[in-house]
Amino acid sequence: MEKLNQLISLCHGQHVYIQTHNFPDPDAIASAYGLQQLLALYGVEASLCYDGRIDRLNASKMLDTFQIRMSPYEELSSHMKETDPILYVDTQKLAGNTTDFIGDEVACIDHHPTFVPMEYHYQDIRMVGACASLIAEYYVRSGNTPDRNVATALLYGIKMDTLQFTRGVTPLDIEMFGFLFPLCDQEVLADLERNNMEFSDLKAYGEAIERIELYDKIGFSCIPFSCPDALIAILSDFILALIEVEVAVVFSFREDGIKLSVRSEDPDIHAGDLLHEALKGLGSGGGHAVMGGGLIPKENQHKLGRYPEDAIRNLFLDVLSKG
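Remember, predicted model here, so these are calculated numbers, not experimental data.

Visitor: Lay out unusual backbone geometry in plain terms, naming residues and giving numbers.
Guide: As a rule of thumb, non-glycine residues mostly have phi less than zero, and peptide bonds are mostly trans rather than cis. Residue aspartate 90 is not a glycine yet carries a positive backbone phi of 65 degrees. Along the chain, aspartate 90 falls in the loop between strand 4 (85-89) and strand 5 (104-110). One non-glycine residue, aspartate 216, lies in the positive phi region at around 60 degrees. Mapped onto the elements of the fold, aspartate 216 is located in the loop between strand 7 (213-215) and strand 8 (218-223). Taking relative accessible area as the criterion, aspartate 216 reaches 73% and is therefore assigned exposed.

Visitor: Hey, could you go over the sheet that holds strand 9 (residues 247-254) for me, with residue numbers and the actual values?
Guide: Within a beta sheet, neighbouring strands are joined by backbone hydrogen bonds and run either parallel or antiparallel to one another. Ordered by their spatial adjacency, six strands build an open sheet running 7-8-9-10-12-11, and the pairing between neighbours is mixed. Each edge of the sheet is formed by a strand with only one pairing partner; in this case those strands are strand 7 and strand 11 (284-287). Neighbour to neighbour, the strand axes of the sheet diverge by 15 degrees on average, direction disregarded. Of the pairings in the sheet, the one linking strand 7 to strand 8 comprises three bridges and is antiparallel in character.

Visitor: Break down the environment of leucine 41 for me, with residues and values.
Guide: By the element assignment, leucine 41 lies in the loop between helix 2 (26-40) and strand 2 (46-50). For the pair leucine 41 and asparagine 144, spaced 103 residues apart in the sequence, the C-alpha separation amounts to 8.9 Å.

Visitor: Could you give an account of the side chain of arginine 167, with specific residues and numbers?
Guide: Secondary-structure assignment places arginine 167 in the loop between helix 6 (148-161) and helix 7 (171-180). One polar contact links the side chain of arginine 167 to the main-chain carbonyl oxygen of aspartate 161, over a distance of 3.2 Å. Aside from chain neighbours lying at most four places away, what touches arginine 167 is Met160, Asp161, Thr162, Asp237, Arg263, Val290 and Met291.

Visitor: Break down the packing of helix 3 (residues 57-66) against helix 8 (residues 186-193) for me, with residues and values.
Guide: A pair of packed helices can be characterised by two numbers: the angle between their axes and the separation between those axes. Contact geometry for helix 3 and helix 8: axes closest at 10 Å, N-to-C directions at 150 degrees. Accordingly, the angle class assigned to the pair helix 3 and helix 8 is roughly antiparallel. Considering only the axes of helix 3 and helix 8, their crossing is right-handed. Along its contact with helix 3, which presents Lys61, Met62, Thr65 and Phe66, the element helix 8 presents Val188, Asp191 and Leu192. Its residues assigned to classes, the contact of helix 3 with helix 8 shows four nonpolar, one polar and two charged.

Visitor: Just give me the short version of the side chain of lysine 259, but keep the residues and values in it.
Guide: By the element assignment, lysine 259 lies in strand 10 (residues 257-264). The class for lysine 259 is buried, based on a relative accessible area of 10%. When sequence neighbours within four positions are dropped, the list of residues in contact with lysine 259 reads Asp229, Ile232, Val250, Phe251, Ser252, Arg254, Gly293, Gly294 and Leu295.

Visitor: Explain the sheet that holds strand 2 to me, and be specific about the residues and the numbers.
Guide: Read from one edge of the open sheet, six strands run 3-2-1-4-5-6, paired in parallel fashion. Each of the sheet's edge strands pairs with one partner strand only, and the pair in question is strand 3 (70-72) and strand 6 (122-125). Here the average twist between neighbouring strands, direction ignored, is 30 degrees. Sheet topology note: the strand 5/strand 6 ladder contains four bridges and is parallel. Considered in strand 6, the bridge of alanine 107 is made with tyrosine 122. Most of the contacts of helix 5 (residues 131-142) go to strand 5, to which it runs at about 95 degrees, and overall it touches strand 4, strand 5 and strand 6.

Cut-off values and rules
Residues numbered from 1 in each chain as written. Predicted model: local features only at pLDDT ≥ 70, side-chain atom pairs only at ≥ 80, totals over all residues. Heavy atoms only, no water. Helix = DSSP H or I, 4+ residues; strand = E, 2+ residues; numbered from the N terminus. Buried < 20%, exposed > 50% of the residue type's maximum accessible area, 1.4 Å probe, protein only. Pairing = 2+ DSSP bridges. Axes fitted to C-alpha atoms, helices over the stretch in contact; angles between N-to-C directions. Polar contact = N/O pair within 3.5 Å; in protein donor to acceptor, adjacent residues only side chain to side chain. Contact = heavy atoms within 4.5 Å. Parallel < 35°, antiparallel > 145°, perpendicular 65-115°, else oblique. Left-handed = near helix turned anticlockwise from the far one by under 90°. Nonpolar A, V, L, I, M, F, W, Y, C, P; charged D, E, K, R; others polar.

Structure below.
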């Protein structure tokens, strides 16, 4: 496979770092792990790294189940050098949810739209349902068979990021499901998908229900306390499930700022573009047509005035009104 050969040539003879977006989710973890194990077949050693926290039960279960080692940035910052090669997986430089590490970002494999164009020595950015599908394709095209753990992790990542094949699915995602399914451990896969809610999550669900506001087909909900990225995303899916809602906007007030998640079932409203436009001058945001995320950093919260909840709602309604 020409693409994989290019990547291996770039990494040959070096210890590389595979970096995901901050607060990695199952797709990011699966993609990084799958790439790490594939590169190892060609003699390339790679360490997995991230910033933020492993803040969701399904993500921590993955790490425990497959014995995946991911290093938080604070463990690396003291010895990572500017010349150390970094491979971005499931994210891009200046994406808004990715910390700029000390090393040199030489490659990018991602499935998100590009909002800030960057040049890499190697890149593979394609709009598919899950980044794990791209990594699985590398195995297929190179004639390598992933072991059972890798196949199970990749399949789980695909299922999670496509919401069980109901969101953003492309023919490649379906093709890679067919490739991975016979190779995976179905009992482990089922265990990963069970019991992924913690008792503390119920409070956030309660606030999301209590605070929902409907403006035509747009549903807004504010969580007045800190929530992990993944939970905010789950809550936006939850709000979108209402028959009255075609676009869901959920945001949480946290120590680092205001974290937002948007979901859209309206073909005329691109979730990533909506976030990007609404947060101009305040923060960063972007994503796919059907889902996106963003952050208004703490230092910019004062720009929202005395009533930040109202200000955020009006930012989105103003963009939508301009069509």
